[in-house]
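# Chains, contacts and geometry: an overview
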Amino acid sequence: MTKVGISAAALPRHIAIVMDGNGRWAQGRGLPRTAGHRAGAQSVRRVVEACQERGIEVLTLFAFSSENWQRPASEVRLLLDLFVAALRKETDRIHEHNIRLRMIGDRVPFPRKLQNYIRRAETLTADNTGLELVIAANYGGRWDVLQAVRRLLQDAHAGRVDPATLSQDDLSHYISLHDLPEPDLFIRTGGEQRISNFLLWQLAYTEFYFTDCLWPEFAVPDLDQALAAYARRQRRFGRLAEQVEFNA
Ligand code: IPE
Ligand code: IPE
Ligand code: MG
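Everything in this summary refers to the structure shown in the same document. (Residues numbered from 1 in each chain as written. Chains lettered and ligands numbered in written order. Predicted model: local features only at pLDDT ≥ 70, side-chain atom pairs only at ≥ 80, totals over all residues. Heavy atoms only, no water.)

### Description of the side chain of Asp184
Condition: Secondary structure is summarised from DSSP: a helix means a run of H or I of at least four residues, a strand means a run of E of at least two, and numbering begins at the N terminus for each. Partly exposed residues are those whose accessible area sits between 20% and 50% of the maximum for their type, while under 20% is buried and over 50% is exposed, using a 1.4 Å probe and protein chains only. Think of a polar contact as two N or O atoms within 3.5 Å of one another; within protein, one of them needs to be a possible hydrogen donor and the other a possible acceptor, and neighboring residues in sequence only count if both atoms come from side chains. Any two residues whose heavy atoms approach within 4.5 Å are treated as being in contact.
Topologically, Asp184 is positioned in the loop between helix H6 (168-172) and strand E5 (185-188). A relative accessible area of 12% means that Asp184 is categorised as buried. A polar contact of 2.9 Å, which involves the side chain of Asp184, links it to the side chain of Arg235. Beyond its immediate chain neighbours, meaning those up to four positions away, Asp184 contacts Pro12, Arg13, His14, Thr206, Glu207, Tyr230 and Arg235.

Take a look at the structure:
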């Protein structure tokens, strides 16, 4: 049993979170939206730590979607600056905590400085064996499928892949996070009940959990509530309840 009273077997191996509600949190306090993003960074710290303590293997955080470029330029700039600041400040601490960091998404449009910080953090932590922390930045589920198809077509063209025998498993190898367990639990804060182009392929059998709690307010008890809700779910993967109970 974990200290939250959930047996280790009932814990998700991989949690994916849409961290939504920063802007509304700030506006509700008469603050600029940017204050909400700063407060949201504190929640990230809390949740990463709690996931590690609870023995979660993978935590994937949606930090910036491929559609978020459409926000006012000043907000986009602040988000990118916060990303740089977080990497500069936290990379060593992440490494000390044995956390492995990776970024998914198209990093090419990012400022050079940000790309360098990402590369440095990934390289430094590559051999760590604790929590795998995945940051989805300039990520979109449709982009992910597109980059997979592009690389697949190149391999097919070069004769390395035979379209006639291509399996789902083969295709999944081109999609981000293929080397990790699939997300077991999807959490979205901020009250909206949508995927917003987060992981599409990977969420096929993920359990969804939505909360009205705004991301800057999301604290450890909220995470534990999501874990408890997950532990009560029965994952059938298309089978009958009796079959699942029999196999459990
Ligand atoms: C989520 O909070 C953070 C990002 C999308 C970068 P929002 O900025 O979307 O906050 P709301 O939804 O406007 O409250
Ligand atoms: C989703 O939140 C993206 C992130 C949390 C990074 P949005 O606030 O961008 O989603 P929509 O626009 O409400 O669907
Ligand atoms: Mg939002």
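### A word on the site of ligand 1
Filter applied, for reference: Residues are counted as near a molecule or strand when any one of their heavy atoms sits within 4 Å of it. Methods summary: accessible areas were calculated by the Shrake-Rupley approach with a probe of 1.4 Å, and residue burial reflects only the protein chains presented.
Taken together, 13 residues sit near ligand 1, with Asp20, Gly23, Arg24, Arg33 and Arg71 positioned nearest. Contact between ligand 1 and Gly23: an oxygen atom at 2.9 Å from a main-chain N or O atom of the residue. For ligand 1, an oxygen atom lies 2.7 Å from a polar atom in the side chain of Arg71. Burial of ligand 1 by the protein chains amounts to 87% of its free accessible area of 380 Å². Every element with two or more residues in the shell around ligand 1 is listed here: helix H1 (22-27), helix H2 (33-53) and helix H3 (73-96). Broken down by element, the residue count for the shell around ligand 1 peaks at three residues, all from H1.

### Some details on the site of ligand 2
For clarity, the cut-off: Basically, the charged four are Asp, Glu, Lys and Arg, the nonpolar ten are Ala, Val, Leu, Ile, Met, Phe, Trp, Tyr, Cys and Pro, and anything else, Gly included, counts as polar.
Taken together, Val18, Met19, Asp20, Phe62, Ala63, Phe64, Ser65, Asn68, Arg71, Arg188, Arg194 and Ser196 make up all the residues around ligand 2. Here an oxygen atom of ligand 2 and a side-chain polar atom of Asn68 are 2.9 Å apart. Taking Arg71, its side chain carries an N or O atom lying 3.1 Å from an oxygen atom of ligand 2. A total of 390 Å² of accessible area belongs to ligand 2 in isolation, and the protein chains cover 78% of it. Looking at the shell around ligand 2 residue by residue, the class counts come to five nonpolar, three polar and four charged.

### A closer look at the environment of Glu217
Here Glu217 lies in the loop between strand E6 (207-210) and helix H7 (220-231). The exposure class assigned to Glu217 is partly exposed, which follows from its relative accessible area of 38%. Linking Glu217 and Arg232, residues 15 residues apart in sequence, is a C-alpha distance of 24 Å. If we skip the residues at most four places from it in the chain, Glu217 touches Trp25, Arg29, Ser43, Arg46 and Asp222. Within polar-contact distance, the side chain of Glu217 engages the side chain of Arg29 at 3.4 Å.

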